[in-house]
Amino acid sequence: MSDFALRMEHVFKKFTRGERHDTLRDLLPALTRNMLKRVTRPFELRNEEFWALNDVSFEIRKGEAVGIIGHNGAGKSTILKHLSGIMKPTLGRIDVEGKLSALIEVGAGFHQDLTGRENVFLNGVILGMTRREVQRRFDAIVEFSGLAEFIDTPVKRYSSGMYARLGFSVAAHMEPDILIIDEVLSVGDATFQARGVEKMRSVLNSGATVIFVSHSLKAISDLCKRSILMSKGTVIEDGSTSHVLQTYMDQVRAARTNREGKDLLIEEVVVRGTAGPRSDFTAGERAWVDVTLLAQKDCEQADCMLLLRDERYNGIFDTSARRLGMPALSLREGERYKLTFELDLQPADRLTQIAGAVVGGGAHRGIVLRRAGSRHRHSGRCRWCSWLRGKPDRGWH
(Lines give C-alpha, C1' and ligand atoms only; values in the text may rest on other atoms or scores of the structure.)
Protein backbone atom coordinates (compact mmCIF):
# COMPACT_ATOMS: atom_id res chain seq x y z
CA MET A 1 0.00 0.00 0.00
CA SER A 2 1.25 3.50 -0.85
CA ASP A 3 2.49 5.84 1.89
CA PHE A 4 0.95 8.79 0.06
CA ALA A 5 -2.55 10.12 0.75
CA LEU A 6 -2.55 12.70 -2.07
CA ARG A 7 -0.57 13.15 -5.23
CA MET A 8 -0.71 15.77 -7.99
CA GLU A 9 1.41 15.12 -11.08
CA HIS A 10 1.96 17.93 -13.62
CA VAL A 11 -1.53 19.35 -13.15
CA PHE A 12 -2.69 22.20 -15.38
CA LYS A 13 -6.03 23.99 -15.18
CA LYS A 14 -7.19 26.42 -17.84
CA PHE A 15 -9.67 29.20 -17.07
CA THR A 16 -11.24 31.74 -19.43
CA ARG A 17 -11.54 35.45 -18.82
CA GLY A 18 -14.72 36.99 -20.12
CA GLU A 19 -18.24 38.15 -19.47
CA ARG A 20 -20.92 36.11 -17.81
CA HIS A 21 -23.90 35.61 -20.12
CA ASP A 22 -27.01 35.90 -17.96
CA THR A 23 -29.53 36.34 -20.77
CA LEU A 24 -30.33 34.35 -23.90
CA ARG A 25 -29.63 37.47 -25.98
CA ASP A 26 -26.01 37.47 -24.77
CA LEU A 27 -25.57 33.70 -24.74
CA LEU A 28 -26.47 32.92 -28.37
CA PRO A 29 -23.86 35.26 -29.97
CA ALA A 30 -21.22 33.95 -27.54
CA LEU A 31 -21.98 30.34 -28.48
CA THR A 32 -21.78 31.22 -32.17
CA ARG A 33 -18.38 32.88 -31.71
CA ASN A 34 -17.07 29.86 -29.81
CA MET A 35 -18.18 27.48 -32.57
CA LEU A 36 -16.32 29.53 -35.18
CA LYS A 37 -13.11 29.72 -33.17
CA ARG A 38 -10.17 27.49 -34.01
CA VAL A 39 -10.08 24.35 -31.89
CA THR A 40 -7.01 24.43 -29.65
CA ARG A 41 -5.06 21.65 -28.02
CA PRO A 42 -5.30 21.31 -24.21
CA PHE A 43 -1.86 22.85 -23.65
CA GLU A 44 -2.52 25.84 -25.92
CA LEU A 45 -4.05 29.12 -24.72
CA ARG A 46 -6.32 31.52 -26.53
CA ASN A 47 -6.03 35.23 -25.88
CA GLU A 48 -8.72 35.23 -23.19
CA GLU A 49 -7.45 32.08 -21.43
CA PHE A 50 -4.90 31.67 -18.65
CA TRP A 51 -3.44 28.92 -16.47
CA ALA A 52 -5.04 28.90 -13.01
CA LEU A 53 -2.71 25.98 -12.22
CA ASN A 54 0.53 25.66 -14.14
CA ASP A 55 2.42 22.35 -13.87
CA VAL A 56 1.65 21.72 -10.20
CA SER A 57 3.23 18.60 -8.70
CA PHE A 58 3.52 17.46 -5.08
CA GLU A 59 2.92 14.45 -2.84
CA ILE A 60 1.51 14.42 0.69
CA ARG A 61 2.14 11.45 2.96
CA LYS A 62 -0.47 9.87 5.18
CA GLY A 63 -0.67 11.52 8.59
CA GLU A 64 1.05 14.72 7.36
CA ALA A 65 -0.24 18.26 7.93
CA VAL A 66 0.53 20.59 5.02
CA GLY A 67 -0.28 24.28 4.78
CA ILE A 68 -0.80 26.07 1.47
CA ILE A 69 -0.15 29.81 1.44
CA GLY A 70 0.07 32.62 -1.09
CA HIS A 71 -1.61 35.85 -2.10
CA ASN A 72 -5.23 36.02 -3.30
CA GLY A 73 -5.57 34.42 -6.72
CA ALA A 74 -2.42 32.30 -6.34
CA GLY A 75 -4.30 29.04 -6.95
CA LYS A 76 -4.71 27.73 -3.39
CA SER A 77 -8.47 27.14 -3.46
CA THR A 78 -8.26 25.81 -7.01
CA ILE A 79 -5.88 23.11 -5.78
CA LEU A 80 -8.28 22.14 -3.00
CA LYS A 81 -11.22 21.96 -5.41
CA HIS A 82 -9.23 19.60 -7.63
CA LEU A 83 -8.20 17.41 -4.69
CA SER A 84 -11.81 17.20 -3.47
CA GLY A 85 -13.13 16.32 -6.95
CA ILE A 86 -15.11 19.53 -7.51
CA MET A 87 -12.96 20.39 -10.55
CA LYS A 88 -11.16 18.27 -13.12
CA PRO A 89 -7.73 19.26 -14.44
CA THR A 90 -7.16 20.27 -18.03
CA LEU A 91 -3.99 18.18 -17.99
CA GLY A 92 -2.28 16.04 -15.40
CA ARG A 93 -3.14 13.38 -12.86
CA ILE A 94 -4.52 13.49 -9.30
CA ASP A 95 -4.57 10.50 -6.94
CA VAL A 96 -6.46 10.48 -3.62
CA GLU A 97 -6.38 7.49 -1.28
CA GLY A 98 -8.91 7.29 1.55
CA LYS A 99 -12.11 8.99 2.68
CA LEU A 100 -11.89 12.74 2.13
CA SER A 101 -13.79 15.49 3.93
CA ALA A 102 -13.57 19.04 2.58
CA LEU A 103 -14.78 22.40 3.85
CA ILE A 104 -13.95 24.86 1.08
CA GLU A 105 -16.77 27.43 1.07
CA VAL A 106 -18.97 28.69 3.88
CA GLY A 107 -22.45 27.20 3.51
CA ALA A 108 -21.51 24.71 0.79
CA GLY A 109 -23.88 21.75 1.02
CA PHE A 110 -26.43 23.66 3.13
CA HIS A 111 -30.01 24.35 2.08
CA GLN A 112 -31.18 27.83 3.05
CA ASP A 113 -34.72 26.83 3.99
CA LEU A 114 -33.73 23.86 6.17
CA THR A 115 -32.88 24.11 9.85
CA GLY A 116 -29.44 23.58 11.28
CA ARG A 117 -30.49 20.10 12.44
CA GLU A 118 -31.73 19.11 8.99
CA ASN A 119 -28.61 20.53 7.34
CA VAL A 120 -26.33 18.50 9.62
CA PHE A 121 -27.93 15.34 8.22
CA LEU A 122 -27.95 16.68 4.65
CA ASN A 123 -24.33 17.83 4.74
CA GLY A 124 -23.18 14.67 6.48
CA VAL A 125 -24.73 12.47 3.79
CA ILE A 126 -23.19 14.65 1.05
CA LEU A 127 -19.78 14.16 2.69
CA GLY A 128 -20.25 10.40 2.65
CA MET A 129 -21.65 9.49 6.07
CA THR A 130 -24.71 7.29 6.50
CA ARG A 131 -27.74 8.60 8.35
CA ARG A 132 -26.92 6.29 11.26
CA GLU A 133 -23.38 7.68 11.46
CA VAL A 134 -24.70 11.24 11.48
CA GLN A 135 -27.19 10.34 14.20
CA ARG A 136 -24.45 8.80 16.33
CA ARG A 137 -22.24 11.90 16.05
CA PHE A 138 -25.00 14.51 16.06
CA ASP A 139 -24.68 15.55 19.72
CA ALA A 140 -20.90 15.97 19.41
CA ILE A 141 -21.30 18.02 16.21
CA VAL A 142 -23.81 20.40 17.80
CA GLU A 143 -21.81 20.73 21.02
CA PHE A 144 -18.62 21.55 19.14
CA SER A 145 -20.37 24.15 16.96
CA GLY A 146 -21.87 25.89 20.01
CA LEU A 147 -25.17 26.33 18.17
CA ALA A 148 -27.46 24.16 20.28
CA GLU A 149 -29.73 27.15 20.93
CA PHE A 150 -30.21 27.74 17.19
CA ILE A 151 -30.02 24.21 15.81
CA ASP A 152 -33.75 24.20 14.91
CA THR A 153 -33.56 27.64 13.26
CA PRO A 154 -33.42 27.86 9.42
CA VAL A 155 -29.82 28.46 8.38
CA LYS A 156 -30.85 31.41 6.19
CA ARG A 157 -30.97 33.33 9.46
CA TYR A 158 -27.44 32.28 10.42
CA SER A 159 -24.50 34.66 10.24
CA SER A 160 -21.45 33.71 8.14
CA GLY A 161 -19.64 32.77 11.34
CA MET A 162 -22.47 30.43 12.40
CA TYR A 163 -22.37 28.86 8.92
CA ALA A 164 -18.64 28.20 9.26
CA ARG A 165 -18.98 26.76 12.75
CA LEU A 166 -21.68 24.29 11.75
CA GLY A 167 -20.02 23.33 8.47
CA PHE A 168 -16.62 22.80 10.08
CA SER A 169 -18.17 20.77 12.89
CA VAL A 170 -19.80 18.37 10.42
CA ALA A 171 -16.64 18.00 8.32
CA ALA A 172 -14.34 17.51 11.32
CA HIS A 173 -16.57 14.85 12.93
CA MET A 174 -16.72 12.75 9.78
CA GLU A 175 -13.60 10.89 10.99
CA PRO A 176 -11.96 11.30 7.57
CA ASP A 177 -8.69 9.91 6.29
CA ILE A 178 -8.05 13.31 4.66
CA LEU A 179 -9.36 16.65 5.94
CA ILE A 180 -9.21 19.67 3.61
CA ILE A 181 -9.92 23.09 5.12
CA ASP A 182 -9.95 26.36 3.20
CA GLU A 183 -9.99 29.86 4.73
CA VAL A 184 -13.41 29.35 6.31
CA LEU A 185 -12.31 29.60 9.95
CA SER A 186 -11.45 33.27 9.41
CA VAL A 187 -15.14 34.19 9.68
CA GLY A 188 -15.46 32.55 13.10
CA ASP A 189 -14.65 34.28 16.37
CA ALA A 190 -11.26 33.90 18.07
CA THR A 191 -12.49 31.21 20.46
CA PHE A 192 -13.89 29.04 17.68
CA GLN A 193 -10.78 29.54 15.56
CA ALA A 194 -8.66 28.20 18.42
CA ARG A 195 -11.04 25.25 18.89
CA GLY A 196 -10.94 24.61 15.15
CA VAL A 197 -7.15 24.40 15.14
CA GLU A 198 -7.24 22.09 18.17
CA LYS A 199 -9.78 19.87 16.39
CA MET A 200 -7.59 19.70 13.30
CA ARG A 201 -4.67 18.77 15.54
CA SER A 202 -6.83 16.02 17.08
CA VAL A 203 -7.72 14.73 13.60
CA LEU A 204 -4.03 14.80 12.73
CA ASN A 205 -3.09 12.86 15.89
CA SER A 206 -5.59 10.17 14.90
CA GLY A 207 -3.46 9.46 11.83
CA ALA A 208 -5.42 11.46 9.27
CA THR A 209 -3.93 13.81 6.69
CA VAL A 210 -4.70 17.56 6.92
CA ILE A 211 -4.39 20.13 4.12
CA PHE A 212 -4.93 23.64 5.43
CA VAL A 213 -5.22 26.90 3.46
CA SER A 214 -5.08 30.08 5.52
CA HIS A 215 -3.79 33.64 5.50
CA SER A 216 -3.09 33.29 9.22
CA LEU A 217 0.62 32.53 9.33
CA LYS A 218 0.35 31.74 13.02
CA ALA A 219 -2.28 29.04 12.42
CA ILE A 220 -0.19 27.54 9.62
CA SER A 221 2.92 27.56 11.81
CA ASP A 222 1.11 26.03 14.78
CA LEU A 223 -0.41 23.14 12.83
CA CYS A 224 1.82 22.36 9.86
CA LYS A 225 5.46 21.30 9.75
CA ARG A 226 5.44 21.50 5.95
CA SER A 227 4.01 24.23 3.71
CA ILE A 228 3.63 24.99 0.02
CA LEU A 229 3.92 28.54 -1.35
CA MET A 230 1.84 29.30 -4.45
CA SER A 231 2.04 32.24 -6.85
CA LYS A 232 0.13 32.67 -10.12
CA GLY A 233 -0.80 28.99 -10.24
CA THR A 234 2.76 27.75 -9.73
CA VAL A 235 4.48 26.12 -6.77
CA ILE A 236 7.19 28.57 -5.72
CA GLU A 237 8.49 26.64 -2.72
CA ASP A 238 7.71 23.39 -0.92
CA GLY A 239 9.49 22.68 2.37
CA SER A 240 9.58 23.33 6.10
CA THR A 241 6.96 25.80 7.27
CA SER A 242 9.44 28.19 8.89
CA HIS A 243 11.47 28.47 5.67
CA VAL A 244 8.41 28.81 3.42
CA LEU A 245 6.87 31.50 5.66
CA GLN A 246 10.11 33.48 5.53
CA THR A 247 10.13 33.29 1.74
CA TYR A 248 6.51 34.48 1.68
CA MET A 249 7.26 37.42 3.97
CA ASP A 250 10.26 38.31 1.81
CA GLN A 251 7.91 38.48 -1.17
CA VAL A 252 5.53 40.75 0.75
CA ARG A 253 8.44 42.98 1.75
CA ALA A 254 9.71 43.20 -1.84
CA ALA A 255 6.24 44.09 -3.12
CA ARG A 256 5.82 46.87 -0.56
CA THR A 257 9.25 48.41 -0.97
CA ASN A 258 9.22 51.48 -3.19
CA ARG A 259 12.51 53.34 -3.34
CA GLU A 260 11.25 56.29 -5.35
CA GLY A 261 10.85 59.53 -3.43
CA LYS A 262 12.24 58.13 -0.17
CA ASP A 263 15.04 59.88 1.67
CA LEU A 264 15.75 56.93 3.97
CA LEU A 265 15.04 53.25 3.43
CA ILE A 266 15.15 50.10 5.49
CA GLU A 267 17.36 48.14 3.14
CA GLU A 268 17.44 44.91 5.11
CA VAL A 269 15.93 43.38 8.24
CA VAL A 270 17.31 40.15 9.70
CA VAL A 271 15.64 38.36 12.60
CA ARG A 272 18.01 35.91 14.26
CA GLY A 273 18.38 33.69 17.28
CA THR A 274 21.49 32.39 19.00
CA ALA A 275 22.21 30.04 16.08
CA GLY A 276 21.60 32.53 13.27
CA PRO A 277 18.67 33.82 11.16
CA ARG A 278 15.30 32.18 11.84
CA SER A 279 11.59 33.02 11.82
CA ASP A 280 10.10 30.62 14.37
CA PHE A 281 10.62 31.25 18.09
CA THR A 282 9.24 29.88 21.34
CA ALA A 283 8.26 32.26 24.13
CA GLY A 284 11.15 32.62 26.58
CA GLU A 285 13.85 32.70 23.90
CA ARG A 286 15.96 35.70 22.95
CA ALA A 287 15.88 37.25 19.50
CA TRP A 288 17.84 39.98 17.75
CA VAL A 289 16.51 42.21 14.97
CA ASP A 290 19.25 43.68 12.76
CA VAL A 291 18.10 46.68 10.75
CA THR A 292 20.17 48.18 7.93
CA LEU A 293 19.25 51.72 6.83
CA LEU A 294 20.22 53.30 3.50
CA ALA A 295 20.19 57.05 2.98
CA GLN A 296 19.21 58.01 -0.58
CA LYS A 297 19.62 61.68 0.34
CA ASP A 298 21.24 63.55 3.20
CA CYS A 299 19.11 62.90 6.30
CA GLU A 300 19.00 64.72 9.62
CA GLN A 301 17.21 63.76 12.84
CA ALA A 302 16.21 60.30 11.52
CA ASP A 303 14.82 57.52 13.69
CA CYS A 304 14.07 53.81 13.34
CA MET A 305 10.93 52.16 14.78
CA LEU A 306 10.26 48.57 15.80
CA LEU A 307 6.59 47.56 15.65
CA LEU A 308 5.08 44.42 17.19
CA ARG A 309 1.93 43.03 15.54
CA ASP A 310 -0.38 40.11 16.13
CA GLU A 311 -1.52 37.64 13.47
CA ARG A 312 -4.25 40.06 12.30
CA TYR A 313 -1.63 42.80 11.82
CA ASN A 314 -2.98 44.83 14.73
CA GLY A 315 -0.24 46.87 16.39
CA ILE A 316 0.24 45.86 20.04
CA PHE A 317 3.49 47.65 20.90
CA ASP A 318 6.10 49.85 19.29
CA THR A 319 9.32 51.54 20.22
CA SER A 320 12.12 53.36 18.45
CA ALA A 321 15.85 53.85 18.65
CA ARG A 322 15.45 57.37 20.07
CA ARG A 323 13.02 56.18 22.76
CA LEU A 324 15.64 53.66 23.82
CA GLY A 325 18.22 56.40 24.32
CA MET A 326 20.00 56.51 20.97
CA PRO A 327 20.82 59.90 19.49
CA ALA A 328 19.03 61.00 16.32
CA LEU A 329 20.65 59.65 13.15
CA SER A 330 22.37 61.95 10.66
CA LEU A 331 23.33 60.18 7.43
CA ARG A 332 24.88 61.34 4.18
CA GLU A 333 23.61 60.27 0.77
CA GLY A 334 24.63 56.69 0.06
CA GLU A 335 25.56 55.98 3.68
CA ARG A 336 24.35 52.83 5.42
CA TYR A 337 23.75 52.42 9.12
CA LYS A 338 23.11 49.20 11.01
CA LEU A 339 21.49 48.87 14.43
CA THR A 340 20.22 45.94 16.48
CA PHE A 341 17.19 45.54 18.72
CA GLU A 342 17.51 42.80 21.32
CA LEU A 343 14.30 41.16 22.55
CA ASP A 344 13.52 38.78 25.39
CA LEU A 345 10.41 37.04 24.09
CA GLN A 346 8.31 36.48 27.18
CA PRO A 347 5.07 34.43 27.00
CA ALA A 348 2.17 36.41 25.55
CA ASP A 349 -1.29 35.77 24.19
CA ARG A 350 -1.11 37.75 20.99
CA LEU A 351 2.49 38.33 19.94
CA THR A 352 3.08 36.56 16.63
CA GLN A 353 4.96 38.93 14.37
CA ILE A 354 7.71 41.51 14.61
CA ALA A 355 7.98 44.17 11.93
CA GLY A 356 10.48 46.95 11.36
CA ALA A 357 9.40 50.33 10.03
CA VAL A 358 11.04 53.70 9.47
CA VAL A 359 9.52 57.05 8.59
CA GLY A 360 9.57 57.32 4.81
CA GLY A 361 10.79 53.76 4.17
CA GLY A 362 10.54 50.41 3.28
CA ALA A 363 11.24 46.83 4.27
CA HIS A 364 9.99 44.56 7.01
CA ARG A 365 10.66 41.10 8.32
CA GLY A 366 8.42 38.97 10.53
CA ILE A 367 8.68 36.14 13.00
CA VAL A 368 6.16 33.72 14.40
CA LEU A 369 6.21 33.33 18.18
CA ARG A 370 4.79 30.18 19.72
CA ARG A 371 3.28 30.43 23.19
CA ALA A 372 4.91 28.49 26.00
CA GLY A 373 4.26 28.64 29.72
CA SER A 374 2.12 31.31 31.34
CA ARG A 375 0.20 34.02 29.53
CA HIS A 376 0.80 37.74 29.67
CA ARG A 377 -2.00 40.26 30.07
CA HIS A 378 -1.65 43.95 29.30
CA SER A 379 -2.47 45.84 32.48
CA GLY A 380 -0.93 48.86 34.11
CA ARG A 381 2.63 49.34 32.94
CA CYS A 382 3.14 46.83 30.17
CA ARG A 383 6.13 44.50 30.54
CA TRP A 384 6.81 44.78 26.82
CA CYS A 385 8.92 47.81 27.61
CA SER A 386 11.42 45.75 29.57
CA TRP A 387 11.90 43.35 26.68
CA LEU A 388 13.49 45.81 24.30
CA ARG A 389 17.03 47.08 24.38
CA GLY A 390 18.39 49.00 21.43
CA LYS A 391 22.04 48.27 20.63
CA PRO A 392 23.35 50.39 17.76
CA ASP A 393 26.28 49.11 15.71
CA ARG A 394 28.67 51.44 14.02
CA GLY A 395 27.58 52.94 10.74
CA TRP A 396 29.36 51.57 7.70
CA HIS A 397 29.73 52.48 4.04
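Just above, that's the structure.
What counts, and where the lines are drawn
Residues numbered from 1 in each chain as written. Predicted model: local features only at pLDDT ≥ 70, side-chain atom pairs only at ≥ 80, totals over all residues. Heavy atoms only, no water. Core = buried A, V, L, I, M, F, W, Y, C linked by side-chain atoms within 4.5 Å. Buried < 20%, exposed > 50% of the residue type's maximum accessible area, 1.4 Å probe, protein only. Helix = DSSP H or I, 4+ residues; strand = E, 2+ residues; numbered from the N terminus. Salt bridge = Lys/Arg side-chain N within 4 Å of Asp/Glu carboxyl O.

S.K.: Even after reading the chapter, I still don't get the nonpolar core, so can you show me in this structure?
M.R.: Note that soluble globular proteins tend to have their nonpolar side chains buried in a common cluster. Among the nonpolar cores identified, the biggest contains 45 residues, and Val 120, Phe 168, Met 200, Val 210 and Phe 212 are the most heavily contacted of them. Residue contributions to this core peak at seven residues, all from helix α5 (residues 160-172). Counting 25 residues, the second-largest nonpolar core is a separate cluster that includes Phe 281, Ala 295, Cys 304 and Leu 331.

S.K.: What exactly am I supposed to notice about the pattern of salt bridges here?
M.R.: A pair can form between side chains of opposite charge whenever their charged atoms are brought close. By the definition in use, this model includes 19 salt bridges. Glu 198 is the partner of Arg 201 in a salt bridge, and the nearest nitrogen-oxygen pair spans 2.7 Å. Here the residue Arg 201 and the residue Glu 198 both occupy positions in helix α6 (residues 190-205), the gap between them amounting to three residues, near one helical turn. Owing to a relative accessible area of 23%, Arg 201 belongs among the partly exposed residues under this scheme. The salt bridge partner of Arg 332 is Asp 298, with a shortest N-O separation of 3.9 Å. With Arg 332 in the loop between β17 (329-331) and β18 (336-344) and Asp 298 in the loop between β13 (286-295) and β14 (299-302), the pair connects residues that are 34 residues apart, well separated along the chain. Under the relative-accessibility criterion, Asp 298 is labelled partly exposed at 47%. The network of salt bridges with common partners includes Arg 7, Glu 9, Glu 59, Arg 93 and Asp 95.

S.K.: Could you clarify how one ought to interpret unusual backbone geometry in this entry?
M.R.: One non-glycine residue, His 10, lies in the positive phi region at around 50°. Within the element layout of this structure, His 10 appears in strand β1 (residues 4-16). In the Ramachandran plot, Lys 232 falls in the positive-phi region, its phi being about 55° despite a non-glycine side chain.

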